[in-house]
Amino acid sequence: MSVSIGVASNSKSIMGFDGKAKEGSVDDSTTPSRGYESGDEAGGEEGAGTLRRHRSESSIVATEEEDDDHDKKIELGPQCTLKEQLEKDKDDESLRRWKEQLLGSVDMNSVGETLEPEVKILSLAIKTPGRDDMVLPIPEGGAPQGSWFTLKEGSKYRLMFTFQVLNNIVSGLKYTNTVWKTGLKVDSAKEMIGTFSPQNEPYTHEMHEETTPSGIFARGTYSAKSKFVDDDNNCYLEINYSFDIRKDWH
């Protein structure tokens, strides 16, 4: 959920909505891929164990013609269950112990044979300095009634969300957001979150601080679409909503 409006050269995004469109801005160098191998850069937050899957060469280059609603599916190698991952390296003692430590909190009896990961987005909130967090209830059916939230023009904010990963490793989880005003697309943004192993405790991700645009042309009502997807193009949450930018918070 991010927006930014091109009414000023220095205006930034609202829940990912930047004055300069961020479409295609995901850093491919950090995109995890199926294989899996260990990598410090693959995880979302420090201490979150991750494995990476190798990507085919044809999946590395993105084209400008790609549309947010019709992203090309990344071509990946065959997916493996966690049990298969452990079996692959059973003769490599150091790697086997590393994987067992990485997945130590996972009940292998319940998820070891499961192929597809499950990602649950548990909460969404907008954090603004000097104000209580604005907790956004996740709507049933993915479409909240009326304006979902209001932001004050020129205010600083961060989008924070918590999520849980179950069953298997999720590769290349990312957040995408597209914003329209009066029917015109004004911004598109993507942010790579990372690759995460399943665990009982939820993960927390906080986006970079942004500043809402300001001025008479920035104010008004916007429509937007936010999605959480992975490298396999699995969509774990899609929200179609509207929000307002006003002179004040109310």
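Just so we're clear, the structure is a prediction, and the values are computed from it rather than from any experiment. (Residues numbered from 1 in each chain as written. Predicted model: local features only at pLDDT ≥ 70, side-chain atom pairs only at ≥ 80, totals over all residues. Heavy atoms only, no water.)

S.K.: Could you clarify how one ought to interpret the pairing of strand S11 (residues 203-206) in this entry?
M.R.: For a regular strand, side chains alternate in direction, first toward one face of the sheet and then toward the other. The alternating pattern of S11 places Tyr203 and His205 on a buried face, while none of Thr204 and Glu206, on the opposite face, is buried. For strand S8 (residues 156-166) and S11, the ladder comprises four bridges, and the chain directions are antiparallel. From the neighbouring strand, Phe161 faces S11, where its bridge partner is His205. (Buried < 20%, exposed > 50% of the residue type's maximum accessible area, 1.4 Å probe, protein only. Helix = DSSP H or I, 4+ residues; strand = E, 2+ residues; numbered from the N terminus. Pairing = 2+ DSSP bridges.)

S.K.: Sorry, what's going on with the pairing of strand S13 (residues 220-229) here?
M.R.: Burial within S13 is extensive, with seven of its ten residues counted as buried. The pairing of strand S9 (residues 170-181) with S13 spans seven bridges and is antiparallel. Bridge pairing in S13 links Thr176 to Lys227. Pairing between S13 and strand S14 (residues 235-246): ten bridges, direction antiparallel.

S.K.: What exactly am I supposed to notice about the sheet that holds S9 here?
M.R.: Each strand in a sheet pairs with another by means of backbone hydrogen bonds, the pair being arranged parallel or else antiparallel. Sheet architecture is open: five strands sit in the order S7-S14-S13-S9-S10, paired in mixed fashion. Both edges of this open sheet fall to strand S7 (147-152) and strand S10 (184-196), since each of them pairs with a single strand only. Direction aside, the axes of adjacent strands within the sheet are offset by 25° on average. (Axes fitted to C-alpha atoms, helices over the stretch in contact; angles between N-to-C directions.)

S.K.: Would you explain the environment of Phe228 in this entry?
M.R.: Within the fold, Phe228 resides in strand S13. For Phe228, a relative accessible area of 1% corresponds to the buried category. Here the alpha-carbon distance between Phe228 and Glu191, two residues 37 residues apart in the chain, equals 9.8 Å. Phe228 has contacts with Ile121, Leu124, Phe161, Lys174, Tyr175, Ile193, Asn234, Cys235, Tyr236 and Leu237, leaving out every residue within four places of it along the chain. (Contact = heavy atoms within 4.5 Å.)

S.K.: So what exactly am I meant to see when it comes to the side chain of Thr212 here?
M.R.: Within the element layout of this structure, Thr212 appears in the loop between strand S12 (210-211) and S13. Within the structure, Thr212 has its side chain in polar contact with the backbone oxygen of Lys152 (distance 2.7 Å). Within the structure, the side chain of Thr212 is placed 2.8 Å from the backbone nitrogen of Gly154, a separation counted as a polar contact. (Polar contact = N/O pair within 3.5 Å; in protein donor to acceptor, adjacent residues only side chain to side chain.)

S.K.: Any chance you could explain the pattern of salt bridges here in plain terms?
M.R.: Oppositely charged side chains can pair when the atoms bearing their charge come close. Tallied over the entire structure, the rule returns six salt bridges. Between Glu238 and Lys225 there is a salt bridge, and its shortest N-O distance comes to 3.9 Å. Residue Glu238 is found in strand S14, and its partner Lys225 is found in strand S13; the two are separated by 13 residues along the sequence. Taking the relative accessible area as the measure of exposure, Glu238 reaches 31% and is therefore partly exposed. (Salt bridge = Lys/Arg side-chain N within 4 Å of Asp/Glu carboxyl O.)

S.K.: What am I meant to see in unusual backbone geometry here?
M.R.: The phi angle of most residues is negative, glycine excepted, and most peptide bonds adopt the trans form. One non-glycine residue, Asn167, adopts positive backbone phi at about 75°. Within the secondary structure, Asn167 sits in the loop between S8 and S9.

S.K.: Whenever I open this one, the confidence of the model for the protein chain confuses me. Can you help?
M.R.: Atomic detail in the predicted coordinates should be set aside for any region of low pLDDT. On average, the protein chain scores 74 in pLDDT, and the residues at 70 or more come to 57%. Mean pLDDT values for the elements of the protein chain range from 42 in strand S3 (residues 34-38) up to 97 in S14. With pLDDT under 50 throughout, residues 4-12 is counted as low confidence; its partners more than four residues away or in other chains account for 35 contacts. In this model, residues 19-70 is a region of pLDDT below 50 whose contacts with residues beyond four sequence positions or in other chains number 137 contacts. (pLDDT = per-residue confidence, 0-100.)

S.K.: Looking at this structure, I do not really get the packing of aromatic side chains. What am I missing?
M.R.: Within a pair of aromatic rings, the relevant descriptors are the distance that separates the centres and the angle that separates the planes. Taken as a whole and assessed by the stated rule, the structure comprises 13 aromatic pairs. Measuring from centroid to centroid gives 5.5 Å for Phe163 and Tyr203, while their planes differ by 25°, and the two rings are stacked. Residue Phe163 is found in strand S8, and its partner Tyr203 is found in strand S11; the two are separated by 40 residues along the sequence. Across the pair, Tyr203 and Phe163 agree in class, each one buried. Seen from their ring centres, Tyr241 and Phe243 are 6.2 Å apart, and the 40° between their planes marks the pair as tilted. Comparing Tyr241 with Phe243, the two get one shared label, buried. (Phe/Tyr/Trp six-rings, centres within 6.5 Å; stacked < 30°, edge-to-face > 60°.)

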